[in-house]
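# Overview (structure and organization)
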Amino acid sequence: MPLPVTASIGGAIYPAHAASRSDLIEQADLAMYEAKRRGKNQFCLHDPAIMNT
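Rules and cut-offs
Residues numbered from 1 in each chain as written. Predicted model: local features only at pLDDT ≥ 70, side-chain atom pairs only at ≥ 80, totals over all residues. Heavy atoms only, no water. Helix = DSSP H or I, 4+ residues; strand = E, 2+ residues; numbered from the N terminus. Contact = heavy atoms within 4.5 Å. Expected span 1.5 Å × (residues − 1). Buried < 20%, exposed > 50% of the residue type's maximum accessible area, 1.4 Å probe, protein only. Arc of directions from axis to C-beta. Salt bridge = Lys/Arg side-chain N within 4 Å of Asp/Glu carboxyl O.

### A closer look at the overall build of the chain
In terms of helices and strands, the chain carries one helix and two strands. Along the chain, helices (α) and strands (β) appear in the sequence β-α-β when read from the amino end. In terms of its C-alpha atoms, the chain occupies a principal-axis envelope of roughly 45 × 20 × 10 Å. In the chain, once contacts between residues fewer than 6 apart in sequence are set aside, the share between residues at least 24 apart is 45%.

### Remarks on helix α1 (residues 21-37)
The first and last C-alpha atoms of α1 sit 24 Å apart over 17 residues, in line with the 24 Å expected at 1.5 Å per residue. For α1, the full list of buried residues reads Gln27, Ala28, Ala31, Glu34 and Ala35. For α1, the angular spread of buried residues about the axis comes to 110°, placing them on one side. Opposite the buried face of α1, by more than 90 degrees, sit the exposed residues Ile25 and Arg37. A positive backbone phi angle near 125° is found at glycine 39, which sits one or two residues after α1.

### Side note on the pattern of salt bridges
For the coordinates displayed, the defined rule picks out two salt bridges. Between glutamate 34 and arginine 37 there is a salt bridge, with its nearest N and O atoms 2.7 Å apart. With a gap of three residues between them, glutamate 34 and arginine 37 both fall in helix α1, about one helical turn apart. Overall, glutamate 34 belongs to the buried group, its relative accessible area being 11%. Through salt bridges with shared partners, a single ionic network connects Glu34, Arg37 and Arg38.

### Focus on unusual backbone geometry
For the bond running from tyrosine 14 to proline 15, omega is 0°, close enough to zero to count as cis. Looking at the secondary structure, you find proline 15 in the loop between β1 (9-11) and α1. Notably, asparagine 41 is not glycine yet its phi reads approximately 55°, a positive angle. Structurally, asparagine 41 is set in the loop between α1 and β2 (43-45).

This is the structure in structure tokens:
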């Protein structure tokens, strides 16, 4: 029996969105939560214009 699977993926680009590895991961994580907020099953690239950091 097939199981439904969804994927919400966030992305960020170095050095455009972050200056360090940990900041890059944090920005991608924020983008992932934005993808979930938009309805799941989406990819969202970090965009400082719509995110709080």
